[in-house]
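Chain by chain, the residues run as shown.
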Amino acid sequence: MTKHSLHSLLLMACCALAPSCSAQNAASNGEQALTDSTTTVNKSEAEWREELPHMACFVLREKGTERAFSGEYWDLHEKGTYQCAGCGLALFDSDHKFESGTGWPSFFKPAEGSAIVEKEDDSWGMRRVEVTCSACGGHLGHVFEDGPRPTGLRYCINSAALQFVADSTAVQGVRYD
Ligand SMILES: [Zn+2]
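The structure contained in this document is the topic of the report that follows. (Residues numbered from 1 in each chain as written. Predicted model: local features only at pLDDT ≥ 70, side-chain atom pairs only at ≥ 80, totals over all residues.)

So, the sheet that holds strand β1 (residues 80–84)
Working step 1: Across the sheet, three strands lie side by side as β2-β1-β9; this open sheet has antiparallel pairing. One side of each edge strand has no neighbouring strand; the edge strands of this open sheet are β2 (90–93) and β9 (162–166). Strand-to-strand twist across the sheet, computed as the mean angle between neighbouring axes with direction ignored, equals 30 degrees.
Working step 2: Where β1 meets β2, three bridges bridge the pair, whose relative direction is antiparallel. When the bridges of β2 are listed, Gln-83 appears paired with Ala-90. (Pairing = 2+ DSSP bridges. Helix = DSSP H or I, 4+ residues; strand = E, 2+ residues; numbered from the N terminus. Axes fitted to C-alpha atoms, helices over the stretch in contact; angles between N-to-C directions.)

Written as structure tokens, this is what we have:
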């Protein structure tokens, strides 16, 4: 084997191992963007796949769900803000987080303003209300009507869709890193 062909072989192996969101990609079904005219952070699905960690991409861009008790934040009790892992928009406040026992971070209300968008979701034979980030359109989780007072709502959110910023290190604005 020549040096050159060995090099191409290694290159191919690396490409095959490169983390990507999933096999289902833009090439096969067009750019099935979750963003629309109301979102302010508009990137192609290819760009999202490139910059987001695998799990965040799976949840935010493909409406995936992480396994219960597997995420980073379901058992976090620190004070701070939960931002969108995709675009940095402040979505939830630790003051509104509660113990739901589900294994997913749960909040009884979102942060002030219109940080999230709610829409009906009939997938998996269930009628649920999907919660997405208003800025980038990323999927966050679902909201159910079995939460605690005062709202009676339970925002069941994937840790992978969130980025926690502790109060002591909080900075205003969008995170670019
Ligand atoms: Zn977002």
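Topic: the environment of Arg-154
Working step 1: Locating Arg-154 in the fold gives a position in strand β8 (residues 154–157).
Working step 2: It is 5.7 Å that separates the C-alpha atoms of Arg-154 and Phe-107, two residues lying 47 residues apart in sequence.
Working step 3: Setting aside residues no more than four positions away along its own chain, Arg-154 makes contact with Ser-100, Ser-106, Phe-108, Val-143, Phe-144, Asp-146 and Gly-147. (Contact = placed C-beta atoms within 7 Å.)

Concerning the nonpolar core
Working step 1: By size, the foremost hydrophobic cluster in this structure holds 35 residues, and its most contacted members are Ala-56, Cys-84, Leu-89, Leu-91, Cys-133, Ile-157 and Ala-161.
Working step 2: A per-element tally of this core places helix α4 (residues 54–62) first, with five residues.
Working step 3: Sequence-distant contacts of Ala-161, that is, excluding residues within four places in its chain, are made with Ala-56, Val-59, Leu-60, Cys-84, Ala-85, Gly-138, His-139, Leu-140 and Gly-141. (Core = buried A, V, L, I, M, F, W, Y, C linked by C-beta atoms within 7 Å. Buried ≥ 20, exposed ≤ 12 C-beta atoms within 10 Å, placed from the backbone.)

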